2 protein chains.
Amino acid sequence: MISQDTQFCIVGLGLLGGSYAQALKLKGYKVTAIDINADSIQYALDKGWIDDGNSDGTNLLENADCIVLGLYPNIVVDWIIENQDKIKSGCIITDVTGVKRGIVPEIQSILRGDLEFIASHPMAGREVSGVTYSDPSIFKPANFIITPTDKNSEQAISFISDLSSTLEFNRTTTLSLQQHDEMIAFLSQLTHVIAVSLMNTNDNTHLVEYTGDSFRDLTRIAKINENLWSELFIMNKDFLLKEIDDFLDEMKRFRDTLEKEDVEEMKRLFIQSTKRRKLFDK
Amino acid sequence: MISQDTQFCIVGLGLLGGSYAQALKLKGYKVTAIDINADSIQYALDKGWIDDGNSDGTNLLENADCIVLGLYPNIVVDWIIENQDKIKSGCIITDVTGVKRGIVPEIQSILRGDLEFIASHPMAGREVSGVTYSDPSIFKPANFIITPTDKNSEQAISFISDLSSTLEFNRTTTLSLQQHDEMIAFLSQLTHVIAVSLMNTNDNTHLVEYTGDSFRDLTRIAKINENLWSELFIMNKDFLLKEIDDFLDEMKRFRDTLEKEDVEEMKRLFIQSTKRRKLFDK
């Protein structure tokens, strides 16, 4: 479990990393950070969100009891390969990555035996990026998902669950790597593909003055970090392609129902969507 | 223009009709209502939203200076055919219908020469229906669209524009019937088809506990009145099918880009959607 002496090191001080640092510092823990961008480190030092920080981990990795990797998905594995020799024995390492199958088994297969990697996914974010936008209040309404494998100890699972509580996430749940990536493909990735495709369908920006809240709500997530999301999509390509294909089939069915003017079937589809959506009301 | 003596008659006392009645009564106008449901009339009388009301228009239509048709699209034309003989000469008639080409030319071609029908569309609503949910505050952030034709007089256009101000809509704009129906096909109808199809794709209601605000925002409009919207969709079938087909093509393009792992093209699509969506920020 987390104790008053637990030292955290945040690797990658972006929106999420910065929010972790703030939340942990507020609770009185020692927090350090590593980022290739010296300005990000200086910003967090000036704000008092971290106690120490630099770009290569010198004097930081050997003292951390818990490392949080706030890195882009494509560089998480390489970071472990390049840096694991410097990490203190017994350290628990976690991440914030939005896809799991593509990184977790690989890291767990190459990691030093006296370290433990337990993956987690804080389902929180904003449509902006960078440490200057970090804000621990984004955790309050959000879910924290832990994805343990048979390589993980009960002790590490408890530790990360404790981290979720410390960060004040609304809920903590546990899923397998597969369950996590399937859920993310539908709830998060498919919805982003839809919003992006809707904005790209035709240039309808001349309609902005007629736009109501429904359209704004539906397309809000069309503002998207192209570097991060292209990595996330490709790492989850199999599940996401299946979700896209299922959705395209369903929408084509609706299209054909409309073309045939099959009113009864159209009403059945409306009644079904209404019933299902009501379950998602808060 | 509207004067202190102008008498309004609301035909169809549902969510919108009831909201019109309330807003007009608050401004001191005489308001009557016609509805086949006696309970709706009684409810509005008890609330003081109308001065008089009944189910067949007796003593109401012959005194109204402005009639607002708050009816389902399929019965608007029939109502005119059956009731226009009772309407006071010089009356200005408008509607609230969400599609225009399917009703406006027909009404204007059969209407008595001493009456004038000028169509309008209050782009306001809620995900519930019925007079008990009516609430004039839904007009405050909304657009009011007037769709005049060459059959309309400047006087009637001014009168309806004045009605929009009286109801306190945020903006009043004018579009042709064709422009209106094209705009509605994209901004409103296509987004409803997307939300409905997403909820219907697979039964993913077991994922409710993982759902964030993005998914809720995107699917809120999947709760839909099946009788009203099946009529609206069929009346605008040509434009809506084109919008659906364009969207399906665009989403298929994204799907193939992902399958090929064409990262540069994927990033281009993300950057384009981000840029376009930013124009819709309030």
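Up top is the structure these notes are about.
Everything numeric here is computed off the predicted structure, so don't read it as measured data.

**Q** Any chance you could explain the packing of helix α8 (residues 226–235) of chain A against helix α10 (residues 263–278) of chain B here in plain terms?
**A** When two helices pack together, their arrangement is given by the angle between the helix axes and by the axis-to-axis distance. Two numbers describe how α8 of chain A lies on α10 of chain B: the axes approach to 9 Å, and their chain directions differ by 130°. Put simply, α8 of chain A runs oblique to α10 of chain B. For α8 of chain A against α10 of chain B, the interelement crossing comes out right-handed. Packed against α8 of chain A, whose contacting residues are E226, N227, W229, S230, F233 and I234 of chain A, the element α10 of chain B presents V263, M266, K267, F270 and I271 of chain B at the interface. For the contact of α8 of chain A with α10 of chain B, the per-class residue count stands at seven nonpolar, two polar and two charged.

**Q** How should the relation of the copies chain A and chain B be read in this particular structure?
**A** Each of the two chain copies can be generated from the other by rotation about an axis followed by a shift along it. Rotating chain A by 180° about the axis while translating it 0.0 Å along that axis superimposes it on chain B, leaving an RMSD of 0.0 Å. Both copies are brought into coincidence by an operation consistent with a two-fold rotation axis. Closest to the rotation axis within chain A is the C-alpha of L218 of chain A, separated from it by 2.1 Å. Here 100% of the interface residues in chain A have copies in chain B that are interface residues too; the copies meet face to matching face.

**Q** Quick question: what am I supposed to make of the pattern of salt bridges here?
**A** Oppositely charged side chains may form a pair once their charged atoms are brought near each other. Tallied over the full model, the rule gives 41 salt bridges over all chains. The partner of R276 of chain B in a salt bridge is D203 of chain A, and the shortest N-O contact between them spans 3.9 Å. In this pair, R276 of chain B is assigned in helix α10 and D203 of chain A in the loop between α6 (177–201) and α7 (213–219), connecting two distinct chains. What makes D203 of chain A partly exposed here is its relative accessible area of 45%. The network of salt bridges with shared partners includes D245 of chain A together with K252, R255, D256 and E259 of chain B.

**Q** Which parts of the structure should I look at to understand the interface of chain A and chain B?
**A** Many analyses report the size of an interface as the accessible area lost when the parts associate. If you look at the interface, chain A gives 79 residues, while chain B gives 79 residues. Of the roughly 8,700 Å² buried where chain A meets chain B, counting both sides, 67% is carbon and sulfur surface. Our count for the contact surface shared by chain A and chain B stands at twelve salt bridges. The partner of D217 of chain A in a salt bridge is R220 of chain B, and the shortest N-O contact between them spans 2.7 Å. Of all the secondary structure elements, the ones that give two or more residues to the side of chain A that touches chain B are β8 (143–147), β9 (171–174), α6, α7, α8, α9 (237–259) and α10 (263–278) of chain A. Top contributing element to the side of chain A that touches chain B by residue count: α9 of chain A, with 16 residues.

**Q** So what exactly am I meant to see when it comes to the packing of aromatic side chains here?
**A** Aromatic ring pairs are described here by two measures, namely the spacing of the ring centres and the angle between the planes. All names here are of chain B. Inspection of every chain in the model, using the stated rule, returns 24 aromatic pairs over all chains. With a centroid separation of 5.5 Å and an interplanar angle of 80°, the aromatic rings of Y20 and F139 are classed as edge-to-face. Of this pair, Y20 sits in helix α1 (residues 15–26) while F139 sits in the loop between β7 (119–122) and β8 (143–147); the two residues are 119 residues apart in sequence, bridging distant segments of the chain. The residues Y20 and F139 share a single accessibility class, namely buried.

**Q** How should the pairing of strand β5 (residues 92–95) of chain A be read in this particular structure?
**A** Both faces of the sheet carry side chains from a regular strand, because those side chains alternate between them. All names here are of chain A. Burial along β5 is two-sided: I92 and T94 facing one way and I93 and D95 facing the other are all buried. Here strand β4 (residues 66–69) runs beside β5; their pairing, made up of four bridges, is parallel. Bridging across to β5, I67 finds its partner in I93. Between β4 and its parallel partner β5, the chain crosses via helix α3 (residues 73–83), and the hand of that crossover is right-handed. Pairing of β5 with strand β6 (residues 116–117), which is carried by two bridges, proceeds in the parallel orientation. Pairing of I92 across the sheet is with E116, part of β6.

**Q** Which parts of the structure should I look at to understand the environment of D245 of chain A?
**A** Within the secondary structure, D245 of chain A is located in helix α9. Along the chain, D245 of chain A and I110 of chain A lie 135 residues apart, while their C-alpha atoms are 35 Å from each other.

**Q** It is not clear to me how the pairing of strand β1 (residues 7–11) of chain B should be interpreted in this structure. Could you clarify?
**A** All names here are of chain B. The buried fraction of β1 is high, at four of five residues. Of the pairings in the sheet, the one linking β1 to strand β2 (residues 30–34) comprises five bridges and is parallel in character. Note on β2: the bridge partner recorded for Q7 is K30. Regarding the hand of the β-α-β motif, the stretch spanning β1, α1 and β2 is right-handed. Note that β1 and strand β4 (residues 66–69) share four bridges and pair parallel. By the bridge assignment, C9 is partnered in β4 with I67.

**Q** Where do I start with the sheet that holds β7 of chain B in this structure?
**A** Hydrogen bonds along the backbone pair up the strands of a sheet, which may run parallel or antiparallel. Residue and element names in this part refer to chain B. An order of β7-β8-β9 is seen for the three strands of this open sheet, with the pairing classed as mixed. The sheet terminates laterally at β7 and β9 (171–174), the two strands that pair on one side only. Each strand of the sheet is rotated relative to its neighbour by a mean of 20°, with strand direction disregarded. In this structure, β8 lies alongside β9, joined through four bridges in parallel fashion. Pairing of F144 across the sheet is with T172, part of β9. Here helix α6 (residues 177–201) sits on the sheet in contact with β7 and β8, set at roughly 140° to β8.

Cut-offs and rules
- Residues numbered from 1 in each chain as written.
- Chains lettered and ligands numbered in written order.
- Predicted model: local features only at pLDDT ≥ 70, side-chain atom pairs only at ≥ 80, totals over all residues.
- Heavy atoms only, no water.
- Axes fitted to C-alpha atoms, helices over the stretch in contact; angles between N-to-C directions.
- Helix = DSSP H or I, 4+ residues; strand = E, 2+ residues; numbered from the N terminus.
- Parallel < 35°, antiparallel > 145°, perpendicular 65-115°, else oblique.
- Left-handed = near helix turned anticlockwise from the far one by under 90°.
- Contact = heavy atoms within 4.5 Å.
- Nonpolar A, V, L, I, M, F, W, Y, C, P; charged D, E, K, R; others polar.
- Least-squares fit on C-alpha atoms with pLDDT ≥ 70 in both.
- Salt bridge = Lys/Arg side-chain N within 4 Å of Asp/Glu carboxyl O.
- Buried < 20%, exposed > 50% of the residue type's maximum accessible area, 1.4 Å probe, protein only.
- Buried area = accessible area lost by both parts, 1.4 Å probe.
- Phe/Tyr/Trp six-rings, centres within 6.5 Å; stacked < 30°, edge-to-face > 60°.
- Pairing = 2+ DSSP bridges.
- Right-handed = clockwise from strand over helix to strand, strands pointing away.

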